[in-house]
Amino acid sequence: MHFRTIFLAGLMAAAPQALLAVEGRSAELLELIRANGCKMSATEADEILPKHGYTMDETRDIVREWSAEGLIKLRDFQGIELSEKGCNG
């Protein structure tokens, strides 16, 4: 029982840090796209994002979140364009 309590407390303490890390990655990606004229083609993404440690899975998950938040104007296989809200913050 004591181990379980310690384990759960550790999970609860780590959760906010993990959330901050994900939010930080999302913010960093948003800034990369803003710096690229608020859009990024698939070719540009293939070149730029790996240099910053982004995987396809991570990027996809972040973009899905942005879509739900109205930060994306256009998303297709050719690339992504931020909405006015996404571009201007």
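Residues numbered from 1 in each chain as written. Predicted model: local features only at pLDDT ≥ 70, side-chain atom pairs only at ≥ 80, totals over all residues. Heavy atoms only, no water.

Q: How do you make sense of the confidence of the model for the protein chain when you look at a structure like this?
A: Looking at the protein chain, pLDDT values average 79 and 75% of them are 70 or higher. Taken as a whole, residues 1–21 scores under 50 in pLDDT and shows zero contacts with residues more than four places along the chain or in a different chain. (pLDDT = per-residue confidence, 0-100. Contact = heavy atoms within 4.5 Å.)

Q: I would appreciate a short explanation of unusual backbone geometry in the present structure.
A: Generally, phi is negative for residues other than glycine and the peptide bonds are trans, each holding for most cases. A positive phi angle, close to 65 degrees, is found at Cys38, a residue other than glycine. Of note, Cys38 is situated in the loop between helix H1 (2–35) and strand E1 (39–41). (Helix = DSSP H or I, 4+ residues; strand = E, 2+ residues; numbered from the N terminus.)

Q: Any chance you could explain the layout of surface pockets here in plain terms?
A: Rolled over the atoms, a probe as big as a water molecule pinpoints where empty space is left. By volume, the largest pocket amounts to about 490 Å³. Lining of the largest pocket is provided by 20 residues; of these, Ala45, Leu49, Met56, Thr59 and Arg60 occupy positions nearest its centre. Broken down by secondary-structure element, the contributors of at least two residues to the lining of the largest pocket are E1, helix H2 (42–48), helix H3 (56–68), strand E2 (72–76) and strand E3 (79–82). Counting residues per element, the lining of the largest pocket draws most heavily on H3, at five residues. For the lining of the largest pocket, the per-class residue count stands at eleven nonpolar, four polar and five charged. (1 Å grid on protein atoms, 1.4 Å probe; cavity = no way out; pocket = protein on both sides within 12 Å on 5 of 7 lines; lining within 4 Å. Points joined across faces, edges and corners; volume = space filled by probe spheres on them. Nonpolar A, V, L, I, M, F, W, Y, C, P; charged D, E, K, R; others polar.)

Q: Honestly, the pairing of E2 in this entry has me stumped. Any pointers?
A: Looking along a regular strand, one sees the side chains alternate between the two faces of the sheet. Of the strand pairs in this sheet, E2 and E3 are connected by four bridges, and their pairing is antiparallel. Within the sheet, the bridge partner assigned to Ile72 lies in E3 and is Leu82. What sits between the antiparallel neighbours E2 and E3 is a turn of two residues. (Pairing = 2+ DSSP bridges.)

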